[in-house]
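What follows is the residue order along each chain.
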Amino acid sequence: MSDALYDLVIIGGGPAGYVAAIRAGQLGMKVACVEMRGSLGGTCLNVGCIPSKALLQSSELYSMAKHSFSSHGIDIENPRVNLPNMMERKAKVVEDLTKGIEFLFKKNKVDYIKGKGQILSPGQVTVEGGPTLNTKNILIATGSEVTPLPGVEIDEKQVVSSTGALELTEVPKDLVVIGAGVIFATYILAVIAANYLNLSLSDVSGFFTIVFIGLAALTYPHMFLVEIARYKRAYG
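What counts and how
Per-chain numbering applies: the sequence of each chain, read as written, is numbered from 1 onward. Given that the model is predicted, a residue must reach a pLDDT of at least 70 before its local features are reported, and side-chain atom pairs must reach 80 or more before they are shown or counted; all residues, however, enter totals for whole chains, interfaces and linings. Values reported for side chains reflect all heavy atoms of the structure, with hydrogen atoms and water molecules removed beforehand. Each axis is a line fitted through C-alpha atoms, taken for helices only over the stretch in contact, and angles between the N-to-C directions span 0 to 180 degrees. Runs of E in the DSSP output that reach at least two residues are strands. Runs of H or I that reach at least four are helices, and both are numbered from the N terminus. Under this scheme an angle from 65 to 115 degrees is roughly perpendicular, one under 35 degrees roughly parallel, and one over 145 degrees roughly antiparallel; angles in between are oblique. In this scheme the crossing of two helices becomes right-handed for a clockwise turn of the near helix relative to the far one and left-handed for an anticlockwise turn of less than a right angle. Note on contacts: a residue pair is in contact if any heavy atoms of the two residues lie within 4.5 Å. By the convention adopted, Pro, Cys, Tyr, Trp, Phe, Met, Ile, Leu, Val and Ala count as nonpolar, Lys, Arg, Asp and Glu as charged, and the other residues, Gly among them, as polar. Nine residue types can take part in a nonpolar core, namely buried Ala, Val, Leu, Ile, Met, Phe, Trp, Tyr and Cys, and a core is a set of them joined through side-chain atoms within 4.5 Å. Burial classification: accessible surface area is computed with a 1.4 Å probe over protein chains only, and a residue below 20% of its type maximum counts as buried, one above 50% as exposed, and the rest as partly exposed. Under the convention used throughout, the expected extent of a helix is 1.5 Å for every residue step, that is, one less than its residue count.

(A) Expanded view of the packing of helix α3 (residues 49-67) against helix α4 (residues 83-107). The interhelical angle for the contact between α3 and α4, taken along N-to-C directions, is 135 degrees, at an axis separation of 9 Å. On the basis of their axis angle, the class for α3 and α4 is oblique. Here the hand of the crossing between α3 and α4 comes out right-handed. Between α3 and α4, the residues in contact are Ile-50, Pro-51, Ala-54, Leu-55, Gln-57 and Ser-58 and Met-86, Met-87, Arg-89, Lys-90, Val-93, Val-94 and Leu-97, respectively. Its residues assigned to classes, the contact of α3 with α4 comprises nine nonpolar, two polar and two charged.

(B) Molecular detail of the nonpolar core. Residues Ile-10, Ala-21, Val-31, Cys-33, Ile-101, Phe-105 and Val-110 are the most contacted members of the largest nonpolar core, which totals 15 residues. Elements with a minimum of two residues in this core: β2 (8-11), α1 (15-26), β3 (31-35) and α4. Here the element with the most residues in this core is α1; it accounts for four residues. Beyond its immediate chain neighbours, meaning those up to four positions away, Phe-105 contacts Tyr-18, Ala-21, Ile-22, Cys-33, Leu-40, Val-110 and Tyr-112.

(C) The packing of α1 against α4, seen in detail. It is at 9 Å that the axes of α1 and α4 come closest, and there the two elements cross at 25 degrees. Overall, the two elements α1 and α4 adopt an arrangement that is roughly parallel. Crossing of α1 over α4 shows left-handed handedness. Contact with α1, carried on its side by Tyr-18, Ala-21 and Ile-22, involves Ile-101, Leu-104 and Phe-105 of α4 and no other residues of that element.

(D) Summary view of unusual backbone geometry. In this structure, Asn-78 takes a positive phi of about 50 degrees despite not being glycine. The residue Asn-78 is located in the loop between α3 and α4 in this model. The phi dihedral of Lys-109 falls on the positive side, at around 60 degrees, and the residue is not glycine. Considering the arrangement of structural elements, one finds Lys-109 in the loop between α4 and β4 (110-114).

(E) Local environment of α4. The terminal C-alpha atoms of α4 lie 36 Å apart, and with 25 residues this matches the ideal 36 Å at 1.5 Å per residue to within 8%. Of all the residues in α4, the buried ones are Leu-83, Met-86, Met-87, Lys-90, Val-94, Thr-98, Ile-101 and Phe-105. Looking one or two residues past α4, Lys-109 carries a phi angle of roughly 60 degrees, positive in sign.

(F) Main features of α3. Counted at 1.5 Å a residue, the expected span for α3 with its 19 residues is 27 Å, and the 26 Å between its end C-alpha atoms agrees. The set of residues buried in α3 consists of Pro-51, Ser-52, Ala-54, Leu-55, Ser-58, Ser-59, Tyr-62, Ser-63 and Ala-65.

Okay, structure coming up:
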């Protein structure tokens, strides 16, 4: 494999990297994608948007069973959350989607190389514990990592990252969240608010919508007005 000359070597198998790899393969290029996580899909698919939304769907069904089913003539006494089973389903959703990307790699003749990639020189990418790849072009799509706070150790037990939060074995009674990205918003809705504050999902999502709109108006007033204008044009 080290003797092969690639048209394109991509470092990173997240939404940017794997989409680029598949498209380049469709266009007839010889492509390799180097990913150190051990599974394709990046943060979004493995420890971000997809698993948090899988939990959100489960919590929505729980919320419906608790608040809405009776109005449809469906009576369920004392519905409860089985967190291990919920987490197991979340993991299965992620696994199925990562395997789907691997299938698309094979279909489009993209070489998937597991390991940490490093650029040695123009046209050369070495894989830790693996081959050195010669290529005409290199695409860096390494994604993002959790930003640490000075003096605070993320032990994934008491102080957790968004990744650790998706692997908790029990729901914390108290939680302070630093950051308001998409993983935070979905996680709060799914695991904390909709399930454990005795509110319906619509109540909670409406509350967070008001908070986010207020923050947007204060922080980005010009962008906020543009988005309001777009909304009015789209929905009258």
